[in-house]
Structures are given as structure tokens and as C-alpha cells.
Amino acid sequence: MSTTAVPDVAVAAVDEGFWTRNRKVGLVLLTLGLLATVLFGALATGEQARFTLSEDAAGAALEVNGTVGAIVFGLIALAAGGSMLAGLPKRWFVPVLAVGLVAFVLSFLCWQVSAAPTGQNFMPLVNIVRGTFLLALPLIFGSLAGVLCERSGVVNVAIEGQLLMGAFSGALFGSISGSVWVGLLAAAVGGSLISLLLAVFSIRYLVDQVVMGIVLNLLAVGITGFLYERLMQTDAARYNSAPRFSNWEIPLLSDIPLLGPALFRGNIFLYLALLLVLVIHIALFRTRWGLRTRSVGEHPTAADTLGVRVLGLRYRNVIMAGAVAGIGGASYTLALFSFTKNMIGGKGFIALAALIFGRWSPTGALLAALFFGFADQLATYLGAINSVIPGQFLAMLPYLATILAVAGLVGRVRAPAADGKPYIKG
């Protein structure tokens, strides 16, 4: 056996060649670092770029000369890319990539903030962090719903409809009852109803799961739009004036610089989203339920032979996912806005992209959702300082990153083996 193993390894090494995936990523990062050093350094001004640790221009701040900062951070990104191109050990790949990307972003921000009009050449970091989490909230709930479904072997393209039905149910029943808690419960039930239809038609009747998800999205848009016109538009005071959850400040933690005001002075949805990420991660990878869920998503036949009720587990997890997404939809109507037609506006599909970018993991989905939220918040900030960079370009970046991830540029992305495949018990 040893005589055949060595040639196989040698052939594999020859086939892989010099341009491994890590070196390709290093070349991309090297190019970005060169762009940052030369272009951002040339466009930045000598003005101080101020990054304030508050919600405005006052208070403590991190200050750096715009030109110097853009060049120095660009050189850091350049060095990170060069080390990866030179053949960095695999265990250092993720940390070095993260350092390089953060340095590139900081170089870009040094250019933008220093070149802003007088009086606007500062970035309030508390607002940026708070806005990032606020914009990411529905994405976090939606991507967690996707994790629960797809780890069980059911593709959940209906996240958009679950979010929308949750937002509508929360607004309607919260308004009628005058209670935010009734609205929250109704939102979870509304999302679960969409998931129940997905489960019945996909698991029981073996309907194509992607097609069924799209149909359910259209159904949610139709039902909520019709009831909005018949009830909410005609009597908004009665049917579309739900109370709002107030912000809860956590003593001591809220006084932490930067993160305290952004994370520990939020509403229930922020705390619940972070708690659900922790709970689902632990449950998925540290409990019997999680082991069974992952086995059903990877190899349902083997799970069935070991006594796992495959179909029953899929039903429960899909319905649970709908409740999570429904609560995410309520983060709009029980915390921020009144309900309007199709108010989710494609966030469900962005959550699906975050799920893929996060590699079907609760913590990965959280980080991907925050990445999308940061891009949205950064676009808003640059629009406020009249940046020459179009906001649409920044809004495009997370999707480009998702495409690169799915294409395997930053590592292999593999869905659960049985994802989207109906199970027929023999």
C-alpha cells in the first residue's frame, strides 16, 4: 500500500501546481493593497481623518493624517497579500486575510474621511456600529432560519415571505391588542404558517423546494398586500399602530467605550438575535438534537436506520425556522416602522446570501449578516458626506463577495449533502 500512496500524493501536488487557492487570494489582496497604497494615498488629503468614539464630532477620537493613514494601511494590505502569495502556512490564512481586508477598508476610510467637506471629516464610530447591527437584524434572523432548514435538508427560499408575514402579523395583532408581546407572538406564528406550507408541500408532497419557496414568497406578498389595503389603509389607527419595544440599557456594559452604546442600549430584537446565534450554535454542534439534525441534512438514510425520525425532525425544524424568521420580520414593525406593502424589500434573499457566505453556520451567518449591514451603513455614511463613490457600488460589494465565496475563491463552500433532496422512506 505504501508504494502506491506516495505517487498519488506526488500526482496531487503536481496537479495543484503553484497557483493554489491561497496564492490566488494572496494575488487579489496584493492587488488591493497596491491600489490602496497608490490610488487612495494619492486621493487622500493632508487633513486629519477623525474616528470619534461617540455619536457625533465631540468626545474622544482616533486621529490620523489622511494621506499617511491611507498609505500605511495600504502597505499593510500589500504585505498581507505578499505573504499569502509567498506560500503562507494554511493555519495563518484566515487571520492574515482578515488583517489585509481590514487594512484595505481603513485605507479607503482614511481617504474618504480626510477628503470630506470641512466640518464633516469625521466618522462617528458608535453610529456606524449601531447602524450596522440595526440593518443586519432581519438578516441575522433570516439567515438563522435558513440554517435550521438547510441543516435539516430543506432549502428555504421562502425567508422573504416568512419575514414579511412576521412583520405584518406583528403589526396587525400588536395594534389590535395594544401589546408588543402579543404582536411578537403573532409574528412568530405568522412566519411559522409560511414554513408549515413549505414543510407540507416539500416534505409530504415532494414539490421542488426552490419553486415552492418562490411561490410562498409571492403568496405572502399577495396576502399581506390585500389585507393592508383592506384593513390598514382604511383604519391605520386601529390596525397599523402597534406599540414599540423600548430600548433596554444594560448597566455597566452600556458604559463600555464604542461597543457599549451600540450593543447594550438596544431593543429586545438585538439581544434576542445574539442569544439565538449562541443557542443555535451550541444546540447544533453540542446536543443530540444537533447531531440528528446534521445527520438528517447529510445522510438521511443512515439516520433513519439508526432510529431518527427523518421526516418528523424536518417538519419541526422547518416550522421552528419560520418562527425565527417571523420574529425577525417583527423587528421592523414592533421597533421601527409601521407596516407597508412589501416592506421587507428583498432582505430575505440577502439573508439567503448571508447563509451561503457564512457556510451554513450560525456564527458564520452572523458575521456575514454584519458584513452586509456594514456595507449598507457605510453607503449611508458616504452619501451623507457627499462622497464621489456611488452608494450603489458599495451596496454591490457584499453580493460580489458572496459570489466569490460560492465560486470557491476563499475556500470550498459546500452545502449539506442532502440539502434540497426529498427523502422517501423505503
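Just so it is clear, the structure is predicted and the values come from calculations on it, not from any experiment. Per chain, residues are indexed from 1 in the order of the written sequence. With the structure being a predicted model, the display of local features is reserved for residues of pLDDT at least 70 and the display and counting of side-chain atom pairs for 80 or more, all residues being used for whole-chain, interface and lining totals. To get the side-chain values, all heavy atoms of the structure are used, and hydrogens and water are removed first.

J.: So what exactly am I meant to see when it comes to the overall build of the chain here?
T.: Each helix is a run of H or I in the DSSP string that is no shorter than four residues. Each strand is a run of E no shorter than two, and both are numbered from the N terminus. For the chain, the count of helices and strands is 17 helices and five strands. For 426 residues, the compact-globule formula gives about 22 Å, and the C-alpha radius of gyration of the chain, at 24 Å, lands near that figure. Considering only C-alpha atoms, the chain reaches an extent of 75 × 60 × 40 Å along its principal axes. Should any heavy atoms of two residues lie within 4.5 Å, those residues are considered in contact. Here the analysis covers contacts within the chain between residues at least 6 apart in sequence; of these, 76% occur between residues at least 24 apart. With residues, only the protein chains shown are counted as cover, and all accessible areas are computed by Shrake-Rupley using a 1.4 Å probe. When the accessible surface of the chain is summed, it comes to about 20000 Å², and 70% of that surface belongs to carbon and sulfur atoms. Positive residues here are Lys and Arg, negative ones are Asp and Glu, while His and the chain termini are left out of the count. Charge coordinates come from a single atom per side chain, which is NZ of Lys, CZ of Arg, CG of Asp or CD of Glu. When the 27 positive and 18 negative side-chain charges of the chain are each reduced to one mean point, those points stand 10 Å apart. Radius of gyration here uses only the C-alpha atoms, and the compact-globule reference equals 2.2 Å multiplied by the residue count raised to the power 0.38.

J.: Any chance you could explain the packing of aromatic side chains here in plain terms?
T.: Classification of ring pairs uses Phe, Tyr and Trp, with its six-membered ring standing for Trp, and accepts pairs whose centres are within 6.5 Å; under 30 degrees between planes counts as stacked, over 60 as edge-to-face, and the remaining range as tilted. Following the criterion strictly, the structure yields 12 aromatic pairs and no others. Seen in terms of ring centroids, Phe40 and Trp111 are 5.2 Å apart; in terms of plane orientation they differ by 20 degrees. Their pairing is stacked. With a gap of 71 residues between them, Phe40 in helix H2 (residues 21-43) and Trp111 in helix H4 (residues 93-114) connect regions that are remote in the sequence. On the basis of an interplanar angle of 45 degrees and a centroid distance of 6.1 Å, the ring pair of Phe201 and Tyr205 is categorised as tilted.

J.: What is the right way to read the packing of helix H5 (residues 125-150) against helix H16 (residues 362-384) from this model?
T.: Relative orientation and spacing of two packed helices are given, respectively, by the angle between their axes and the distance between those axes. Two numbers describe how H5 lies on H16: the axes approach to 7 Å, and their chain directions differ by 140 degrees. In terms of axis orientation, H5 runs oblique to H16. Seen from above, H5 lies across H16 with right-handed handedness. Contacts from Asn127, Ile128, Gly131, Thr132, Phe133, Leu135, Ala136, Leu139, Ile140, Ser143, Leu144 and Val147 in H5 reach Pro362, Ala365, Leu366, Ala369, Leu370, Phe372, Gly373, Phe374, Asp376, Gln377 and Tyr381 in H16. Amino acids are sorted into nonpolar (Ala, Val, Leu, Ile, Met, Phe, Trp, Tyr, Cys and Pro), charged (Asp, Glu, Lys and Arg) and polar (every other residue, Gly among them). Residues belonging to the contact of H5 with H16 are distributed by class as follows: 16 nonpolar, six polar and one charged. Lines are fitted to the C-alpha atoms to define the axes, a helix being fitted only along its stretch in contact, and any angle between axes, read from their N-to-C directions, falls within 0 to 180 degrees. In these notes the angle categories are as follows: under 35 degrees is roughly parallel, over 145 is roughly antiparallel, 65 to 115 is roughly perpendicular, and the rest is oblique. In this scheme, a crossing is called left-handed if the near helix is turned counterclockwise away from the far one by less than a right angle; it is called right-handed if the turn is clockwise.

J.: Looking at this model, I keep getting lost on the environment of Asp255. Mind explaining?
T.: Tracing the backbone shows Asp255 in the loop between strand S4 (248-249) and helix H10 (259-263). Sequence separation between Asp255 and Arg265 is 10 residues; the distance between their C-alpha atoms is 9.6 Å.

J.: What exactly am I supposed to notice about a positive patch on the surface here?
T.: Grouping into patches uses exposed residues only, defined as over 30% relative accessible area, and leaves out salt-bridged ones; the cut-off is 9 Å for like charges and 5 Å for nonpolar side chains (Val, Leu, Ile, Met, Phe, Trp, Tyr). Here, a salt bridge means any side-chain nitrogen of Lys or Arg that lies within 4 Å of a carboxyl oxygen of Asp or Glu. Together, Arg288, Arg292, Arg309, Arg316 and Lys425 make up a positively charged patch on the protein surface. Here Arg309 lies in the loop between helix H13 (300-305) and helix H14 (310-333).

J.: Can you help me understand the side chain of Asn240 in this one?
T.: Along the chain, Asn240 turns up in the loop between helix H9 (236-239) and S4. Each residue gets one of three labels from its accessible area relative to the maximum for its type: buried under 20%, exposed over 50%, partly exposed in between, using a 1.4 Å probe on protein chains only. Residue classification places Asn240 among the buried positions, given a relative accessible area of 10%. Among the polar contacts made by the side chain of Asn240, one reaches the main-chain carbonyl oxygen of Phe339 at a distance of 3.0 Å. Other than its neighbours up to four places away in sequence, Asn240 contacts Ala171, Ser175, Tyr228, Met232, Asp235, Ser338 and Phe339. Pairing of N or O atoms within 3.5 Å defines a polar contact, subject to two protein rules: one partner must be a possible hydrogen donor and the other a possible acceptor, and residues neighboring in sequence count only if both atoms are side-chain atoms.

J.: Any chance you could explain the sheet that holds strand S3 (residues 122-124) here in plain terms?
T.: Neighbouring strands of a sheet are bound in pairs by backbone hydrogen bonds; such pairs are parallel or else antiparallel. The criterion for strand pairing is that DSSP finds at least two bridges linking the strands in question. Spatial ordering of the open sheet is given by S2-S1-S3, a layout of three strands whose pairing is mixed. Pairing within the sheet leaves two strands with one partner each, and these edge strands are strand S2 (61-65) and S3. Along the sheet, successive strands turn relative to each other by an average axial angle of 15 degrees, direction set aside. Packed on one face of the sheet, H5 meets strand S1 (48-52) and S3 and runs near 45 degrees to S3.

J.: Is there a simple way to think about H2 in this case?
T.: Counting along an α-helix, one turn takes 3.6 residues, and residues three or four places apart therefore face a common direction. Here a helix's expected span is defined as the number of its residues, less one, multiplied by 1.5 Å. For H2, built from 23 residues, the straight-helix expectation of 33 Å at 1.5 Å per residue is met to within 8% by its first-to-last C-alpha distance of 32 Å. Roughly 25 degrees is the biggest bend found in H2, and it falls at Ala36. Arg23, Val25, Gly26, Leu29, Gly33, Ala36, Thr37, Phe40 and Gly41 are the residues of H2 that are buried. Those residues of H2 hidden inside the fold are in contact with helix H3 (66-85) and H4. Two axes are fitted around each residue, one to the seven residues ending there and one to the seven starting there, and the angle between them is reported as the bend at that residue.

J.: Can you help me understand the pattern of salt bridges in this one?
T.: Pairing is possible between side chains that carry opposite charge, provided their charged atoms lie close to one another. Counted by the stated rule, this structure contains six salt bridges. Across the pair Arg130 and Glu55 runs a salt bridge, and its minimum N-O distance is 3.1 Å. Of this pair, Arg130 sits in helix H5 while Glu55 sits in the loop between S1 and S2, and the two are 75 residues apart along the sequence. Judged by its relative accessible area of 27%, Arg130 falls in the partly exposed class.

J.: In this structure, what is going on with a nonpolar patch on the surface? I would like to understand it.
T.: Taken together, the side chains of Leu197, Phe201, Tyr205, Leu219 and Ile223 present a nonpolar region at the surface, about 420 Å² in accessible area. Note that Tyr205 resides in the loop between helix H7 (180-204) and helix H8 (209-232). Owing to a relative accessible area of 52%, Tyr205 belongs among the exposed residues under this scheme.

J.: Help me understand the nonpolar core, please; the structure alone is not making it clear to me.
T.: Soluble, globular proteins show a tendency: their nonpolar side chains are buried together. As used in this record, nonpolar core signifies buried Ala, Val, Leu, Ile, Met, Phe, Trp, Tyr and Cys residues forming a set joined through side-chain atoms within 4.5 Å. Counting 77 residues, the largest nonpolar core has Ile140, Phe141, Met232, Phe269 and Phe339 as its most contacted members. Ignoring anything within four residues of it in the chain, the contact list for Met232 reads Phe168, Ala171, Leu172, Leu227, Tyr239, Asn240 and Phe339. Residues Ala36, Ala49, Leu109 and Ile128 belong to the second largest nonpolar core, which totals 25 residues.

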